Amino acid sequence: MERSVRLALVLSALLLSSLGVRAEGDDFGIWTELNVEKKLTNRISLELFGENRSRNSHETVDRWSVGLGASYKLTNWLKASADYTYLYDHNEKWNDKQTKVANFWGSRHRVNVVLTGSVDFGRLSVSLRERWQYTYRPEQTVERTKVSNGKVEEKTYNGKAKSVWRNRLQLKYKLTSMWRPYVNGETFLAGSGIEKYRLSAGTEIRVSKKHSFDVKYLLQKSCGDDDDEGDRHVLDFGYTFKF
């Protein structure tokens, strides 16, 4: 166990060193994930999960979320799943002169429906994940500062719904029974086309049948003007408990 933790720290340090080459203006954040999985039958599993994200060079909490999902193994190579996630995120609104006029927290509700197919070629596993993601942000009234006179007024942002189709291709290699490095690429498609894409490289660390860790570096690139997340470099740390 101690050896696994040391190896994870070394990998994290190597990933962190890659951040020094990020482009000027790109943001950096750290994401942490916690997953609990319960296998009900050979085909059906339940999952409870939570996540915390930071931005602005890890100085600002971006959001936290909790969710509950279920999966069903249709065949040996195909799995279907669905989940609900409650997100509570930090929002900033800027005007055309790049002056911040509002700063508030808001809720979002998200539903995912997923199909994942995977095929093994010896130690190499190739998987394709297709995900329909629906997110609803309820109407919210917040305080907004008028730049012209500095007065604070109330501003109501209408409720907004958004659908995104996400496609992720992943290659994972079983190096040992414990270490399973992987690379993947994911696209986010909305009504206007590709909104953003992500590239990741990391490793799964299976300490035992019940305990596993995941460490990865993620690069996010924005392709659409309506995407307010921008370009990001992320270190992602995850822990999963299965029983």
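What counts, and at which threshold
- Residues numbered from 1 in each chain as written.
- Predicted model: local features only at pLDDT ≥ 70, side-chain atom pairs only at ≥ 80, totals over all residues.
- Heavy atoms only, no water.
- Pairing = 2+ DSSP bridges.
- Helix = DSSP H or I, 4+ residues; strand = E, 2+ residues; numbered from the N terminus.
- Axes fitted to C-alpha atoms, helices over the stretch in contact; angles between N-to-C directions.
- Phe/Tyr/Trp six-rings, centres within 6.5 Å; stacked < 30°, edge-to-face > 60°.
- Buried < 20%, exposed > 50% of the residue type's maximum accessible area, 1.4 Å probe, protein only.
- pLDDT = per-residue confidence, 0-100.
- Salt bridge = Lys/Arg side-chain N within 4 Å of Asp/Glu carboxyl O.

1. Topic: the sheet that holds strand β13 (residues 232-242)
Okay, step 1: As summarised here, the arrangement of the 11 strands in space is β1-β2-β3-β4-β5-β6-β9-β10-β11-β12-β13, forming a closed barrel in which the pairing is mixed. When strand polarity is set aside, the average angle formed by the axes of neighbouring strands in this sheet is 20°.

2. Considering the packing of aromatic side chains
Okay, step 1: Taken as a whole and assessed by the stated rule, the structure comprises seven aromatic pairs.
Okay, step 2: Their ring planes at 20° and their centres at 5.8 Å tell us that F104 and Y157 sit as a pair that is stacked. Of this pair, F104 sits in strand β5 (residues 100-121) while Y157 sits in strand β8 (residues 152-157), placing them 53 residues apart in sequence. Take F104 and Y157: they sit in the same class, and that class is buried.
Okay, step 3: Ring geometry for W132 against Y134: centres 6.0 Å apart, planes inclined by 25°, an arrangement best described as stacked.
Okay, step 4: A relative accessible area of 32% places W132 in the partly exposed class.
Okay, step 5: Of the residues examined, Y134 reaches a relative accessible area of 31% and is grouped as partly exposed.

3. Notes on the confidence of the model for the chain
Okay, step 1: Averaged over the chain, the pLDDT score is 88; the fraction of residues at 70 or greater is 85%.
Okay, step 2: No element of the chain has a lower mean pLDDT than helix α1 (residues 2-17), which averages 52, and none a higher one than strand β6 (residues 124-137), which averages 98.

4. Concerning the pattern of salt bridges
Okay, step 1: Throughout the structure, instances matching the rule amount to 14 salt bridges.
Okay, step 2: The salt bridge involving R63 is made with E51; its shortest N-O contact spans 3.5 Å. Of this pair, R63 sits in strand β3 (residues 60-73) while E51 sits in strand β2 (residues 44-55), and the two are 12 residues apart along the sequence. With respect to class, R63 is no different from E51; both count as buried.
Okay, step 3: One salt bridge in this structure joins R108 and D89, with 2.7 Å as the shortest N-O distance. Residue R108 is found in strand β5, and its partner D89 is found in strand β4 (residues 78-94); the two are separated by 19 residues along the sequence. Here the two residues R108 and D89 agree in accessibility, since each one is buried.
Okay, step 4: One salt-bridge network, held together by shared partners, links R55, D62, E92 and R232.

5. A few points about the pairing of β13
Okay, step 1: Sheet topology places strand β1 (residues 27-39) next to β13; 11 bridges connect them, and they run parallel. If you follow D27 over to β13, its bridge partner there is R232.
Okay, step 2: Bridge count for strand β12 (residues 211-222) against β13 is 10 bridges, and the pairing is antiparallel. In the sheet register, V215 faces β13, and the bridge partner there is F237.

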